[in-house]
Amino acid sequence: ALAERAAAIREAHLATVLGGGSESQKLAFVATLARDTDLVAALHADGLPGDPGAARLAAETVLRRKARALDAMTETLGAVHHSGDAALRAKLAQWKDLHGQHATLVLRGPGTLPRPAWLLRIAELQSQARAVEGELSARSAAFKGAATPVTLAAVLAALPAGAVLVELLATRRFDAKAAPRQRLGAQRYLAWVIGREGPPRLVALGAVADLDPIADALRQAIAHRRPQEEVAALARKAGAAILDPLRPTLGAATHLIVSPDGALSLLPFAALAGADGRAAIEAFDITYVSSGRDLLRLATRSAPREPALVLANPAYDDSGDANLAKPKAAHPRA
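Residues numbered from 1 in each chain as written. Predicted model: local features only at pLDDT ≥ 70, side-chain atom pairs only at ≥ 80, totals over all residues. Heavy atoms only, no water.

(A) Examining the nonpolar core more closely. Counting residues in hydrophobic clusters, the biggest one holds 35 residues, and the most contacted among them are Leu168, Leu205, Leu218, Ile242, Leu267 and Leu272. Contributing elements (two or more residues each) for this core: β1 (163-174), β2 (184-194), β3 (201-207), α11 (208-223), α12 (228-243) and β4 (255-259). Counting residues per element, this core draws most heavily on α12, at 7 residues. Beyond its immediate sequence surroundings of up to four residues, Leu267 is in contact with Ala215, Leu218, Ile242, Leu272 and Tyr288. With 24 residues, the next largest nonpolar core counts Ala45, Val155, Leu159 and Ala163 among its residues. (Core = buried A, V, L, I, M, F, W, Y, C linked by side-chain atoms within 4.5 Å. Buried < 20%, exposed > 50% of the residue type's maximum accessible area, 1.4 Å probe, protein only. Helix = DSSP H or I, 4+ residues; strand = E, 2+ residues; numbered from the N terminus. Contact = heavy atoms within 4.5 Å.)

(B) Focus on helix α7 (residues 86-108). Between its first and last C-alpha atoms α7 spans 33 Å; for 23 residues at 1.5 Å apiece the expected length is 33 Å, and the two agree. Considered for burial, the residues of α7 that qualify are Leu88, Leu92, Trp95, Leu98, His99, Gly100, His102, Ala103 and Leu105. One or two steps after α7, the chain reaches Gly109, where phi turns positive at roughly 85°. (Expected span 1.5 Å × (residues − 1).)

(C) Molecular detail of the packing of α11 against α12. Between α11 and α12, whose axes approach to 9 Å, the crossing angle comes to 150°. When the axis of α11 is compared with that of α12, the two are roughly antiparallel. By crossing handedness, the relation of α11 to α12 is classed as left-handed. Residues Leu211, Ile214, Ala217, Leu218, Ala221 and Ile222 of α11 lie in contact with α12, whose contacting residues are Val231, Leu234, Ala235, Lys237, Ala238, Ala241 and Ile242. Among the residues making up the contact of α11 with α12, the classes are represented as 12 nonpolar, no polar and 1 charged. (Axes fitted to C-alpha atoms, helices over the stretch in contact; angles between N-to-C directions. Parallel < 35°, antiparallel > 145°, perpendicular 65-115°, else oblique. Left-handed = near helix turned anticlockwise from the far one by under 90°. Nonpolar A, V, L, I, M, F, W, Y, C, P; charged D, E, K, R; others polar.)

(D) Expanded view of the environment of Pro248. Summarising the element assignment, Pro248 is placed in helix α13 (residues 247-250). Expressed as a C-alpha distance, the spacing of Pro248 and Val203, which sit 45 residues apart in the sequence, is 9.6 Å.

(E) Structural context of the pattern of salt bridges. All chains considered together, the criterion is met by 9 salt bridges. A salt bridge links Glu60 to Arg64, with the nearest nitrogen and oxygen atoms 3.6 Å apart. With a gap of 4 residues between them, Glu60 and Arg64 both fall in helix α4 (residues 52-65), about one helical turn apart. Notably, a salt bridge pairs Glu124 with Arg121, separated by 3.4 Å at the nearest N-O pair. Taken together, the residues span about one helical turn, with Glu124 and Arg121 both in helix α8 (residues 115-139) at a distance of 3 residues. (Salt bridge = Lys/Arg side-chain N within 4 Å of Asp/Glu carboxyl O.)

This is the structure:
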C-alpha cells in the first residue's frame, strides 16, 4: 500500500517535470526514478511474486516510466503542434507555458516567497493548466490521448483481440536487507505478460550478462549472412533462452506485442525458434512498441488532413537519364 502511494506521488511529480521542464531537466529527473523502479520491480519479482496487487503495481509502473522522457521530447503533442489550427497551437503554447511555470516553481521551492503564497501560486497554476487542458482535450483527439493518464486498465482496453503485451525491463536486483551501498545488484531481464484475462504474469528471463551475448550472436549472424545452419542453431539457442520461458504465459494468443528493453531492443523476435526449428513468426503475428503506452496512442483516431497519395509501379531498371523513362504497362495484379 505504501509503494502504491509513493508511485502515485512520483507520477504526479513526473507529469509536472515532463510537462514543462527542459530536455536536461526531464532526463535528469527520470534518471532519479531508476532506483525506485528497480525497487517496485523487485517488490513483485522477489518479495510478492504471487500477489495480484504487486503485479499490477509493477506492470503499471513500467508502463508509465519506460521510455517516458523519450516520449516527452519526441512527441510533445506533435499532432496538435503541426495542425493547421492556429488557435489550437496558441492554446498548446499557453498550456506548455503554464506547465513550465509550475515545474520551475515546484523544483525551486518557496525561495523568498512565504510558504502560503508559494502554495497558493502552485494551486493557481494547476487550476489554469487544467482549464486549458480541458479546452485542448475537447478540440483535439490527439491531445486527449496524450494527456490521458496511463493506467493498466486503459492499456488492457486498447489491447487487440487475441493479443498479449510482453513488457520487458532490464532492471537491477534489489536486496533491502543488504548494506545501503550493496542493495542494488546485477541487472536482469524481467517480463510482464499482460493479457485481458487475469493480472499481469511475471517471467524472470535471466541475467543481462547471460542473455545479451546470446541475442547479439543471433543478430550478428543474421546481419552478416552467416550459413543457414549456424543462424538456425543460434535462433534455437536464443529461442530457448528468451521465448520458451514466455510460452506458458501466452495462452491462446496469436499476436505478440513486444516492448523490448536494453540490448533486446535490437533482437528480431520473429527469428526466435523453438526446439523444432519453427520460427516465432510462423506461430505469431509480432508487433514492436517502445512501451505499452503506444497502444493508447494507436487507439486514438483522427481524421486525415489530406487524402492519401499512392506511388506505384516504379521503373527500377531506368537508366537514370535526365528524361523521364516511358511508363511501362502496369502488372495485371498491381
